[in-house]
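# Reading the structure
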Amino acid sequence: MGKAWARTRAGRPPRRTAAAAGASLLAVGLLAGCGGDGGGTVVNLYISPEESLPQVVSQCNEQADGRYRIVYHRLPRDADGQREQMVRRLAAEDSGLDVLGLDVTWIPEFAEAGWIEEWTGENRERATEDVLPGPLRTAVWEEKVYGAPKNTNVQLLWYDERVTPRPPRTWDEMLRTARRLKEEGEPYRILFTGAQYEGLVVFFNSLVASAGGQLLSEDGKRAVVDEGVVEALRLLKEMTSAGLTPPSLSNMQEDEVRLAFQGGQGAFEFNWPFVYASYAQEKPQELEHFKWARYPSFAAGEESRATVGGYNLAVSSHSRNKPEAFEAALCLRSAESQKYQALRSGLPPSIGTVYDDETPLDPGKPADPVENPSMATEYPPKETIRAALEDAAVRPLTPVYQNLSTVTAKILSPPSAIDPERTADELRDELDAALKSQGVLP
């Protein structure tokens with residue numbers, strides 16, 4: 001189970017050979033060919049590197065039948081590099097950008113700057129139809145839609161059933177279990193992204209939302225930092241000062257967390273779904289024991305809220321080909337395109353109905369775990385991912401999110417040094433300053 005999906009890792013270099021990918025495309029007829037190469041309006045797409053996206057682009061060009069041709073320009077792999085390139089060109093009113101792949105935290109900033117177009121009328125209806133609530137919230141600013149949710153993402157709790165037969169339902173249960181495992185000489189550590197960067201902010205935001213806390217006011221214009229935030233700080237402090245996290249926590253990003261868990265250095269891993277693909281690739285003989293669940297909650301009977309990730313497709317305000325750009329963006333994030341990228345690259349779909357699609361890529365041929373996979377058999381965590389996305393937490397929506405993220409990561413690092421009440425006061429003061437763009441380079 002999950003072998004085809006596991007052959008690639010979301011947001012990382014391809015593991016499958018080009019020949020194998022090409023064979024599957026020819027077999028299914030979906031996302032095949034390079035139609036549109038002969039002319040038509042050029043629609044320039046700027047987005048992060050995605051291993052299966054060239055096939056999606058190719059199929060959309062074929063469907064366009066010469067009316068336009070999408071050209072895929074790969075941005076840097078890291079989010080800061082992506083944002084920097086687009087911001088510079090958009091600020092210079094560069095008309096060479098048409099469709100933009102925006103991290104879910106960038107919509108308010110780009111909309112306020114006047115760099116992206118609002119989605120209206122039929123385009124808006126098509127861009128928002130059947131989109132899960134979590135991803136949809138990231139595409140809206142000031143009650144207007146500025147992006148079409150392409151793929152989404154949400155972190156899960158990953159564990160080895162041989163060490164912990166069932167996942168802890170609450171954070172207290174997790175801490176008790178980790179302490180017991182430590183006494184028994186078993187893998188016990190709690191692994192998460194503790195380095196001073198966005199990964200720590202994402203983890204903290206999930207804790208805050210699960211505790212019912214609020215960092216900013218509803219309009220995003222002032223810092224709140226309520227008791228729920230303090231409760232999240234208390235948990236982060238306890239978790240990291242009780243000897244239950246690795247000594248290298250303050251240097252751990254997503255891949256370090258993944259490798260530590262795969263190396264038997266932890267009992268619990270909080271990470272994005274790409275880790276399942278990696279585990280299947282690198283430890284296939286143990287894959288059946290690698291399990292997943294939603295984040296623990298703060299109290300029994302309550303449900304946790306994990307932070308949503310992913311990308312939205314936006315149309316540049318400086319584009320000279322806006323009608324074609326909107327049409328191209330809708331094709332690139334259609335249900336068929338999202339299904340393909342889920343099965344070939346592990347990218348969680350933003351469209352709810354894709355999770356219910358049980359047909360293989362080529363309905364006319366038998367399902368095959370490699371050449372003709374289906375969501376029903378080859379995307380194992382799909383139901384848990386979908387459930388987490390139904391009420392996912394969204395990072396604070398504000399045009400100066402980059403400022404807030406930088407400040408928050410700095411104040412929280414290292415987590416073991418947190419003093420809940422004092423840190424909450426510092427967060428409130430510094431976030432208010434960041435909202436005014438004080439003290440931080442945007």
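We now turn to the structure provided with this report. (Residues numbered from 1 in each chain as written. Predicted model: local features only at pLDDT ≥ 70, side-chain atom pairs only at ≥ 80, totals over all residues. Heavy atoms only, no water.)

### Considerations on the packing of helix 10 (residues 254-262) against helix 11 (residues 274-282)
- Look at helix 10 against helix 11: their axes get within 11 Å of each other, and the N-to-C directions meet at 45°. In terms of their interaxial angle, helix 10 and helix 11 are classed as oblique. The hand of the helix 10/helix 11 crossing is right-handed. The segment helix 10 lies against helix 11, with E254, D255, R258, F261 and Q262 engaging F274, V275, S278, Y279 and E282. (Axes fitted to C-alpha atoms, helices over the stretch in contact; angles between N-to-C directions. Helix = DSSP H or I, 4+ residues; strand = E, 2+ residues; numbered from the N terminus. Parallel < 35°, antiparallel > 145°, perpendicular 65-115°, else oblique. Left-handed = near helix turned anticlockwise from the far one by under 90°. Contact = heavy atoms within 4.5 Å.)

### Things to note about the packing of aromatic side chains
- Taken as a whole and judged by the stated rule, the model has 16 aromatic pairs.
- Ring geometry for F110 versus W115: centroids 5.3 Å apart, planes at 85°, classification edge-to-face. Here F110 and W115 have matching classes, each one buried.
- Centroid distance W158 to W292: 6.1 Å. Interplanar angle 55°. Geometry classified as tilted. Here W292 lies in strand 10 (residues 290-293) and W158 lies in strand 7 (residues 156-160), a separation of 134 residues in the sequence.
- Taking the relative accessible area as the measure of exposure, W292 reaches 17% and is therefore buried.
- Cluster of aromatic residues (ring-pair linked, three or more members): W158, F261, Y276, Y279, F290 and W292. (Phe/Tyr/Trp six-rings, centres within 6.5 Å; stacked < 30°, edge-to-face > 60°. Buried < 20%, exposed > 50% of the residue type's maximum accessible area, 1.4 Å probe, protein only.)

### Regarding the sheet that holds strand 10
- Pairing within the open sheet is mixed, and its four strands lie in the order 8-9-7-10. Taken across any chain shown, the strands that pair with only one partner, and hence form the sheet edges, are strand 8 (190-191) and strand 10. (Pairing = 2+ DSSP bridges.)

### Considerations on unusual backbone geometry
- Cis geometry marks the peptide bond from S413 to P414; its omega dihedral reads -5°.
- Position of P414 relative to the elements: it lies in the loop between helix 17 (401-412) and helix 18 (420-435).
- In the Ramachandran plot, E93 falls in the positive-phi region, its phi being about 60° despite a non-glycine side chain.
- For E93, the location among the structural elements is in the loop between helix 3 (79-91) and strand 3 (99-103).
- Residue classification places E93 among the exposed residues on the basis of a relative accessible area of 58%.
- Even without being glycine, V225 reaches a positive phi, approximately 50°.
- Within the secondary structure, V225 is located in the loop between helix 8 (198-210) and helix 9 (227-241).
- Residue class for V225 comes out buried when judged on its relative accessible area of 2%.

### Some words on the nonpolar core
- Counting 108 residues, the largest nonpolar core has L45, W171, I190 and F204 as the members making the most contacts within it.
- Those residues within four positions of L45 in sequence are excluded, and the remaining contacts are L53, V57, I70, V71, Y72, H73, V99, L313 and L332.
- Core analysis: the next-biggest nonpolar cluster, separate from the first, contains 17 residues, V87, L100, A111 and I116 among them. (Core = buried A, V, L, I, M, F, W, Y, C linked by side-chain atoms within 4.5 Å.)

### What about the state of the cysteines?
- A complete count under the given rule lists one disulfide for this structure.
- Linked covalently through their sulfurs, C60 and C331 form a disulfide whose S-S length is 2.1 Å. In this structure, the disulfide formed by C60 and C331 twists by about -100° around the S-S bond and is classed as left-handed. Of this pair, C60 sits in helix 2 (residues 53-64) while C331 sits in helix 12 (residues 322-332), placing them 271 residues apart in sequence. Here C60 and C331 have matching classes, each one buried. (Disulfide = S-S within 2.5 Å.)

Everything listed is a geometric property; what it means functionally is a separate question.
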